[in-house]
Amino acid sequence: FQLTHLGELALSGNQLRALPGAISRLTRLSILDLSSNELRELPPALSALRSLRSLDASHNRISAVRVDMRFLAGLRILRLQHNQLAAFPLSLLQLPQLRELDLRDNEQLTAIPAGVVEKLRVTEFRISTRANVATAAV
């Protein structure tokens with residue numbers, strides 16, 4: 001199959017532990033749903049998806065974001081809630097079009113570095129840490 005013109009791909013609930021490197025060939029993909037799998041990272045292969053506008057990787061086991069965000073400049077929606085992030089991924093600051101960011105229920109995420117929230121250009125930001133539960137609409 002040649003799916004290079006595919007615009008939306010839903011892979012939720014498939015118990016995926018990793019993404020195939022071939023996903024990088026889906027260069028016209030604008031919506032990618034990876035929710036409810038067993039993923040431990042967002043791999044570098046996602047950096048090739050330059051048309052991506054929405055990425056849902058919620059309800060996984062993600063502890064690392066290894067995507068070079070500079071190449072996902074058009075990403076507007078990023079859902080990473082219910083994962084295992086221990087630190088705020090500073091690479092998210094490289095997403096100029098990001099408008100919605102959800103980081104709720106990453107129980108190992110205990111703090112946000114000073115000044116990060118102000119640098120985000122989001123209009124909707126959801127996060128919860130052990131010390132703080134916050135939802136912001138700008």
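Rules of the game
Residues numbered from 1 in each chain as written. Predicted model: local features only at pLDDT ≥ 70, side-chain atom pairs only at ≥ 80, totals over all residues. Heavy atoms only, no water. Helix = DSSP H or I, 4+ residues; strand = E, 2+ residues; numbered from the N terminus. Buried < 20%, exposed > 50% of the residue type's maximum accessible area, 1.4 Å probe, protein only. 1 Å grid on protein atoms, 1.4 Å probe; cavity = no way out; pocket = protein on both sides within 12 Å on 5 of 7 lines; lining within 4 Å. Points joined across faces, edges and corners; volume = space filled by probe spheres on them. Nonpolar A, V, L, I, M, F, W, Y, C, P; charged D, E, K, R; others polar. pLDDT = per-residue confidence, 0-100. Contact = heavy atoms within 4.5 Å. Salt bridge = Lys/Arg side-chain N within 4 Å of Asp/Glu carboxyl O.

1. Brief notes about the environment of Leu19
For Leu19, the position within the fold is in the loop between β1 (8-10) and β2 (31-33). With a relative accessible area of 14%, Leu19 lands in the buried category. On a C-alpha basis, the gap between Leu19 and Leu9 in space is 13 Å, while along the polypeptide they are 10 residues apart.

2. Observations regarding the layout of surface pockets
A volume near 240 Å³ is recorded for the largest pocket. What lines the largest pocket is a set of 14 residues, and nearest its centre among them are Leu3, Ala22, Ile23, Arg25 and Leu26. Split by residue class, the lining of the largest pocket holds 11 nonpolar, two polar and one charged.

3. Quick word on the confidence of the model for the chain
Chain-level statistics for the chain give a pLDDT mean of 91 and a share of 92% at 70 or above. Under a pLDDT of 50 for its full length, residues 133-138 has, in the predicted model, 15 contacts with residues more than four places off or in other chains.

4. What about the pattern of salt bridges?
Scanning all chains against the criterion turns up seven salt bridges. A salt bridge links Glu38 to Arg61, with the shortest nitrogen-to-oxygen separation between them at 2.8 Å. Here Glu38, found in the loop between β2 and β3 (41-42), pairs with Arg61, found in the loop between β4 (54-56) and β5 (64-65); they are 23 residues apart in sequence, far enough to count as distant. Judged by relative accessible area, Glu38 falls into the partly exposed class, the value being 23%. Since its relative accessible area comes to 34%, Arg61 is described here as partly exposed. Residue Arg66 is joined to Glu41 by a salt bridge in which the shortest nitrogen-to-oxygen separation is 2.8 Å. One end of the pair, Arg66, is in the loop between β5 and β6 (77-79); the other, Glu41, is in strand β3, with 25 residues separating them in the sequence. When its relative accessible area of 26% is taken as the criterion, Glu41 is described as partly exposed. One continuous salt-bridge network, built from bridges that share partners, spans Asp102, Arg104, Glu124 and Arg126.

5. Observations regarding empty space enclosed by the protein
Once rolled over the atoms, a probe with the size of a water molecule shows which space is left empty. For the structure shown, the criterion picks out one cavity of 30 Å³ or more. The computed volume of the largest cavity comes to approximately 30 Å³. Counted by class, the lining of the largest cavity contains five nonpolar, no polar and two charged residues.

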